[in-house]
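Structure at a glance
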Amino acid sequence: MNKDTKMILTAEALREFRVAKSFQPTCDTKYSICFSQNGEHLVTCDHHNLILFNCNKLTQLCLVHMRQFRPELVCFTPQNDRLLHSSTKMDCAIRYLDLSSHQHLGLFSGHTSALRDLCLQPGSEHQFMSAGWDDRVLMWDLRTCGYTQKLKHLHRPLLAYDPSGRAFATCNSTERIEIHDVRMLSAKPCQQFGYQLNELAKWTQLQFAPNGKTLLVNTDNAWCFSVDAYRGSFRQAYTGYANREQLPLQVCYSPDSQYVLAGADNGRVHVWEAVSGDPLVVLRSKSQYPMQCVQFNPTRSMFASSDVRTLLWLTQPQHELKPTAIIDLTATDDSEVELGEIKMAFKRRRRRRAWPMPMELPRWPPPSPPPRVVRWRRRRLRQVEDADSLEEGELR
């Protein structure tokens, strides 16, 4: 798909999403997933490994051991073979990894606690930001080792870049959202929006809609909501899903900003209409774990989710799930029934042996008898021929 082509999803298409591929290279919970900017690769992160997948072929490409760093966050850089990941074991530094050589190209030290967010600036080749549990928000440049800007006086901050890359949002606990201009980081925020919400629901994620008009706020109390990105006014709440353990389950927008997806308990993904807040569908997998991460592919009609496994979801229309050939089993003329259609329609039935093969269907070529049966028939035929050759009253 070209970059200039906009992906438009319909409600019918979203209802038909199914798990196309499931991966479980490790038994650890995946804490972060990220698609590359061209949508061709997906990376997942647990405390011991980074796993890379090919989204075109639906295959696993490589697994990089990270036990000595214990990462929790990962994101692609504009170069699709390089990424950033956090560290929580040796230190709290951000590391710059080259997937081709499996070697680190840079180390960014500045946080004293684990990270809460790690974001690349859209439209920039080198700028990225991080927010940590140490109440620091730092701006970095891939070409330098130290941070270039710092925001303080924040509590439990989160991060989200505007799709244009000219602004970003951060928060101060659950009290307010601040909008900053990337060109004036030393000045006060451009806008501040105050809120008085349920204090028991901790904010766990911020995300701008792809069209930049709304801002999605996720909580650990089984509900999320959207606000106007320009005025800060409340838009919609999205509820009705389960999060009994109050985990930081991830939510995301669809690429056309029309729908909101959220992970839930028992391997479920809930989908709502973004504008109205009406529930659209609950997509189910075979997993019994909470769906920790959910993210939509930026260029393809695909999204990924993860708990212990990594699932790739694709749309599967109903007409593709049914046999495409309609066969009249009452036909008397064998020539009207193609052998290829018969094999296609009854392949599963013969395998499961739940439906016997109809007697009127041709079986061609006929099955060959076993060799012992052939030998017995030949011997019997010779006996009959010898008996006919004897004259009446003559004994052998």
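Here the structure is a predicted model, which is why all the values come from computation and not from measurement. All residue numbers refer to positions counted from 1 along the written sequence of the respective chain. In keeping with the predicted nature of the model, local features appear solely for residues at pLDDT of at least 70, side-chain atom pairs appear and are counted solely at 80 or more, and the whole-chain, interface and lining totals rest on all residues. Excluding hydrogens and water, the side-chain figures rest on all heavy atoms present in the structure.

**With respect to the overall build of the protein chain**
Secondary structure elements follow DSSP: runs of H or I no shorter than four residues count as helices, runs of E no shorter than two count as strands, and numbering proceeds from the N terminus. Each helix and strand counted, the protein chain has 4 helices and 28 strands in total. Residue burial is assigned from relative accessible area. The probe radius is 1.4 Å, only protein chains are included, and a residue is buried under 20% of its type maximum, exposed over 50%, and partly exposed in between. Taking all 396 residues of the protein chain together, the buried fraction comes to 48%. Residue contacts follow a heavy-atom distance rule, with two residues in contact if any of their heavy atoms lie within 4.5 Å. Expressed as a percentage of contacts within the protein chain between residues at least 6 apart in sequence, the contacts between residues at least 24 apart total 43%. Accessible surface is estimated by sampling points in the Shrake-Rupley manner with a 1.4 Å probe; for residues, cover comes only from the protein chains shown. For the protein chain, the accessible surface area stands at approximately 21900 Å², while carbon and sulfur atoms represent 49% of it.

**So, the side chain of Ser287**
As for its position among the elements, Ser287 is in the loop between strand 25 (279-284) and strand 26 (293-296). Pairs of N or O atoms within 3.5 Å make up the polar contacts considered here, provided that, within protein, one atom can donate a hydrogen while the other can accept it, and that residues adjacent in sequence are counted only when both atoms are side-chain atoms. Within the structure, the side chain of Ser287 is placed 3.1 Å from the backbone nitrogen of Tyr289, a separation counted as a polar contact.

**Considerations on the confidence of the model for the protein chain**
Confidence scores here are pLDDT values: one per residue, from the predictor, ranging 0 to 100. On average, residues of the protein chain carry a pLDDT of 83, and 83% of them reach 70 or more. Least confident of the elements in the protein chain is helix 2 (residues 318-321), whose mean pLDDT is 40; most confident is strand 23 (residues 259-264), at 97. Low pLDDT, under 50, characterises residues 1-5; the stretch is placed with 2 contacts to residues that sit more than four places away or in other chains. With pLDDT under 50 throughout, residues 391-396 is counted as low confidence; its partners more than four residues away or in other chains account for 2 contacts.

**Quick word on the sheet that holds strand 4 (residues 49-54)**
Should DSSP find at least two bridges between two strands, the strands are taken to pair. Taken together, 4 strands build an open sheet; the order of strands is 2-3-4-5 and the sheet is antiparallel. The outermost strands of the open sheet, each flanked by one partner alone, are strand 2 (32-35) and strand 5 (59-65). For this sheet, the mean angle separating the axes of adjacent strands, direction not counted, is 15°. Of the pairings in the sheet, the one linking strand 3 (residues 41-45) to strand 4 comprises 5 bridges and is antiparallel in character. Its bridge partner being in strand 4, Val43 is matched across the sheet by Leu52. Fitted lines through C-alpha atoms serve as axes, helices being fitted only where they are in contact, and the angles separating the N-to-C directions of these axes extend from 0 to 180 degrees.

**Overview of the nonpolar core**
Buried Ala, Val, Leu, Ile, Met, Phe, Trp, Tyr and Cys residues that are joined via side-chain atoms within 4.5 Å together make up what is termed a nonpolar core. Ranked by internal contacts, the top residues of the largest apolar core, which has 27 residues, are Leu50, Leu83, Leu84, Ile94, Phe108, Leu118 and Phe128. Elements with a minimum of two residues in this core: strand 3, strand 4, strand 5, strand 6 (74-76), strand 7 (82-85), strand 8 (94-98), strand 10 (115-120) and strand 12 (137-141).

**Digging into the packing of aromatic side chains**
Note on aromatic pairs: each is described by the distance of the centres and the angle between the planes. Only Phe, Tyr and Trp rings take part, Trp by its six-membered ring, and two of them pair if their centres are within 6.5 Å. Stacked means planes under 30 degrees apart, edge-to-face means over 60, and tilted covers everything else. Taken as a whole and judged by the stated rule, the model has 16 aromatic pairs. Here Phe17 and Phe303 contribute two aromatic rings whose centre-to-centre distance is 5.4 Å and whose plane-to-plane angle is 45°, an arrangement assigned as tilted. Linking Phe17 in strand 1 (residues 17-23) with Phe303 in strand 27 (residues 302-306), this pair joins segments that are 286 residues apart in sequence. Just as Phe17 is buried, Phe303 falls in that class too. With centroids separated by 5.2 Å and ring planes inclined at 25°, the aromatic side chains of Trp223 and Phe225 adopt a geometry described as stacked. Its relative accessible area of 17% is what places Trp223 among the buried residues. Here the aromatic residues Tyr195, Trp203, Trp223, Phe225 and Phe234 are joined through ring pairs into a cluster of three or more.

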